[in-house]
Amino acid sequence: MELPLSDVAVYAYIYGLTHSEELGKQGWHGSRRRLAKILHVSPSTMNDIINRLWEKGYIHIYNGFITSTIDRAERPKKTEDFPLENAIDRNPDTFSGEGTSDMPF
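What comes next concerns the included structure. Because the structure is a prediction, the values reported are computed rather than measured.

**What to know about the environment of Ser 44**
Alright, step 1. Locating Ser 44 in the fold gives a position in helix α3 (residues 43–55).
Alright, step 2. Residue classification places Ser 44 among the partly exposed residues on the basis of a relative accessible area of 47%.
Alright, step 3. Sequence separation between Ser 44 and Arg 33 is eleven residues; the distance between their C-alpha atoms is 8.5 Å.

Printed below as a string of structure tokens:
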């Protein structure tokens, strides 16, 4: 998405509200000042973030609601869907190669 971390945090919050079954998939409905307080940024920074997200098309603003425009409903396959011979162990704590020592670091 090529966004600064603060923009990603705001987008993620709005995305979560937009896609939450428990909250009715409504998105953010409230002031930008309140959203800034919740996410611990200044109101002017929040305005800048909302404007950047809107300009890039990541959010939609309508009737006081801010919703995400990206639908990530399609999920990648679970690891159980892949044959075990193709599985890769990526946890470095389980690597037991030669030359290891008892030292933790």
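**A short note on the sheet that holds strand β1 (residues 28–29)**
Alright, step 1. Pairing is antiparallel across the open sheet formed by three strands, whose spatial order is β1-β3-β2. Edge positions in the sheet fall to β1 and β2 (59–62), since each of these pairs with one other strand and no more.
Alright, step 2. In terms of strand pairing, β1 meets strand β3 (residues 65–68) through two bridges, oriented antiparallel. Bridge pairing links Trp 28 to Ile 66 in β3.
Alright, step 3. On the sheet, helix α1 (residues 5–19) packs against β1, β2 and β3 and is oriented at approximately 95 degrees with respect to β3.

**Comments concerning the side chain of Asp 7**
Alright, step 1. Looking at where Asp 7 falls in the secondary structure, it is placed in helix α1.
Alright, step 2. Under the relative-accessibility criterion, Asp 7 is labelled buried at 0%.
Alright, step 3. In contact with Asp 7, not counting residues within four places along its chain, are Ile 49, Arg 52 and Leu 53.

How each quantity is defined
- Residues numbered from 1 in each chain as written.
- Predicted model: local features only at pLDDT ≥ 70, side-chain atom pairs only at ≥ 80, totals over all residues.
- Heavy atoms only, no water.
- Helix = DSSP H or I, 4+ residues; strand = E, 2+ residues; numbered from the N terminus.
- Buried < 20%, exposed > 50% of the residue type's maximum accessible area, 1.4 Å probe, protein only.
- Pairing = 2+ DSSP bridges.
- Contact = heavy atoms within 4.5 Å.
- Axes fitted to C-alpha atoms, helices over the stretch in contact; angles between N-to-C directions.

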